[in-house]
Amino acid sequence: MRMNKKIMALILVLALLAFGIWWWRGDKAASAPAVPPTPSQKLNVVASGYVAYTLLKQIGGERVQPVMLVPPGTEPHSFEPTPGSIIAVSGADLFVYVSPRVEPWVKDILKGISQVNALEAGPSLKDQDPHVWMTPYGALDMAQRIEKALIKADPAGKEYYKARYKQFEEDIKALHDDFKQGLADCQSHAVVHVGHLAFGNLAHAYGLEFRALTGTSHQGEHSVQKLADLVRFVRQNKVQAVFTEEMISSDLADTVAQETGVRVLPLYTVEEISKRDFDSGITYTDYMRRNLHNLKEGLKCRV
């Protein structure tokens, strides 16, 4: 009789232990978050530079494995592809670039590959500023092209991509409204840029006058005469700040500032990114809000 009691006690302990293990595992399983796709399950997408890369991440989310060809800190217009660039594109499920006008080296890559699923996300007419993403709705048009290309390459992710595009659309609407309101009442409307013609579309969209030192490329000529003309314009129009690009030397902008006594503020093209910003995962809207803040400062806008 005594042995039976010991056996019964042991059975009871084992039963309680088994129940505890079952409860703990069941509770953990119920509360565990959804596991994202593994790298082998994700869509392998190569982006030309940061413009395509950041929009691709915005729409693709966890279903894409993005690779960027132009390294952080590299001037994107004059980038020279390596053999590794061609290998990366040829093995991709999708290659997203802005346009041959912005990235002329893309033609060399595509010329060497017989079959590739490529998307030109930011086309523009020959007489237009090719920096189409420098307005919120220009970026939205690019994002929509990317959304459609991702759905074609990955039909199973259709609803996922559509939902992320919809959220980006809401973000763009809010960004546009903030630009419209923030730049509506300013002491100056002259955006004097000691850099290349990357911000013409942005200035035109919000009723500003844009004047740049060089053309649509970083490689544009900036002669002494052009610099003197810019200094004269700043003085005659009582401009209180000049703008420069985040990744180019500030020497020319500093020269203008010394000659005129104005402030120098950065503007961001999104296409050229620092290693620090890349590692922190800065987004398109983050950059554009930096631009809005600096434009409001430089143009003395009332909010």
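Predicted, not measured: the structure shown is a model, and the values here were computed from it.

K.L.:
Can you walk me through the nonpolar core in this structure?
P.N.:
Proteins that are soluble and globular tend to have nonpolar side chains buried together. Ranked by size, the top nonpolar core spans 61 residues in total, and within it Trp133, Ile146, Leu150, Phe179, Leu183, Tyr284 and Leu295 carry the most contacts. Sort the elements by how many residues they give to this core and helix α5 (residues 136-153) lands first, with eight residues. In contact with Trp133, not counting residues within four places along its chain, are Val51, Val98, Val102, Gly138, Ala139, Met142, Thr269, Val270, Glu271 and Tyr284. One finds Ala190, Val194, Leu227 and Val239 within the second-largest nonpolar core, a separate group that totals 14 residues.

K.L.:
Can you walk me through the packing of aromatic side chains in this structure?
P.N.:
Any pair of aromatic rings gets described here by the distance separating the centres and the angle formed by the planes. Considering all chains together, one arrives at 10 aromatic pairs under this definition. Aromatic pair Phe179 and Tyr206: ring centres 5.2 Å apart, planes at 25°, arrangement stacked. Of this pair, Phe179 sits in helix α6 (residues 158-182) while Tyr206 is found in the loop between α7 (200-205) and β6 (209-212), placing the two residues 27 residues apart along the sequence. You'll find Phe179 and Tyr206 in the same group, each marked buried. Through a chain of ring-to-ring contacts, the aromatic side chains of Tyr50, Tyr53, Tyr268, Phe278 and Tyr287 assemble into a single cluster. One cation-aromatic arrangement involves Arg290 over Tyr268; the distance from NZ or CZ to the ring centre is 5.0 Å.

K.L.:
Whenever I open this one, the packing of α5 against α6 confuses me. Can you help?
P.N.:
For any two helices packed against each other, the geometry is given by the interaxial angle and the distance between the axes. The contact between α5 and α6 brings their axes to 10 Å, and the two run at 180°. Between α5 and α6, the angle falls in the class roughly antiparallel. Contact with α5, carried on its side by Pro136, Tyr137, Ala139, Leu140, Ala143, Gln144, Glu147, Leu150 and Ile151, involves Lys158, Tyr161, Lys162, Tyr165, Phe168, Glu169, Ile172, Lys173, Leu175 and His176 of α6 and no other residues of that element. Each residue belonging to the contact of α5 with α6 can be placed in one class, and the counts come to 12 nonpolar, two polar and five charged.

K.L.:
Sorry, what's going on with the pattern of salt bridges here?
P.N.:
Should the charged atoms of two oppositely charged side chains come close, the side chains can pair. Going through the model one piece at a time under the given rule, you end up with 10 salt bridges. For Arg302, the salt bridge identified is with Asp185, shortest N-O distance 3.3 Å. With Arg302 in the segment after α11 (284-299) and Asp185 in the loop between α6 and β5 (190-193), this pair connects stretches of sequence that are 117 residues apart. Salt-bridge contacts for Arg263 lead to Glu297; the nearest nitrogen and oxygen are separated by 3.4 Å. Within this pair, whereas Arg263 is found in strand β8 (residues 263-267), its partner Glu297 is found in helix α11, the two being separated by 34 residues in sequence. Arg263 gets classed as partly exposed once you look at its relative accessible area, which sits at 37%.

Rules used throughout
As a convention, each chain's residues are numbered from 1 in the sequence order in which they are written. Where totals are concerned, whole chains, interfaces and linings use all residues; where local detail is concerned, this predicted model gives features only for residues with pLDDT of at least 70, and gives and counts side-chain atom pairs only at 80 or more. By convention in this description, side-chain values take in all heavy atoms of the structure and omit both hydrogens and water. In this description, a nonpolar core means a group of buried Ala, Val, Leu, Ile, Met, Phe, Trp, Tyr and Cys residues linked to one another through side-chain atoms lying within 4.5 Å. Residue burial is assigned from relative accessible area. The probe radius is 1.4 Å, only protein chains are included, and a residue is buried under 20% of its type maximum, exposed over 50%, and partly exposed in between. By the criteria applied, helices consist of DSSP H or I runs no shorter than four residues and strands consist of E runs no shorter than two, each listed in order from the N terminus. Only heavy atoms enter the contact rule, under which two residues are in contact if any of them lie within 4.5 Å. Stacked, tilted and edge-to-face are the three classes applied to pairs of Phe, Tyr and Trp rings, where Trp contributes its six-membered ring and a pair requires centres within 6.5 Å; stacked means planes under 30 degrees apart, edge-to-face means over 60, and tilted covers the rest. Charge-over-ring placement is defined geometrically: NZ (Lys) or CZ (Arg) within 6 Å of the ring centre, and within 35 degrees of the ring normal. Geometry is summarised by axes, namely lines fitted to C-alpha atoms with helices restricted to the contacting stretch, and by angles between N-to-C directions that run from 0 to 180 degrees. When an angle is under 35 degrees it counts as roughly parallel; over 145 it counts as roughly antiparallel; between 65 and 115 it counts as roughly perpendicular; any other value is oblique. Three classes are used: nonpolar for Ala, Val, Leu, Ile, Met, Phe, Trp, Tyr, Cys and Pro, charged for Asp, Glu, Lys and Arg, and polar for all others, with Gly counted as polar. Salt bridge, as used here: a side-chain nitrogen of Lys or Arg that lies within 4 Å of a carboxyl oxygen of Asp or Glu.

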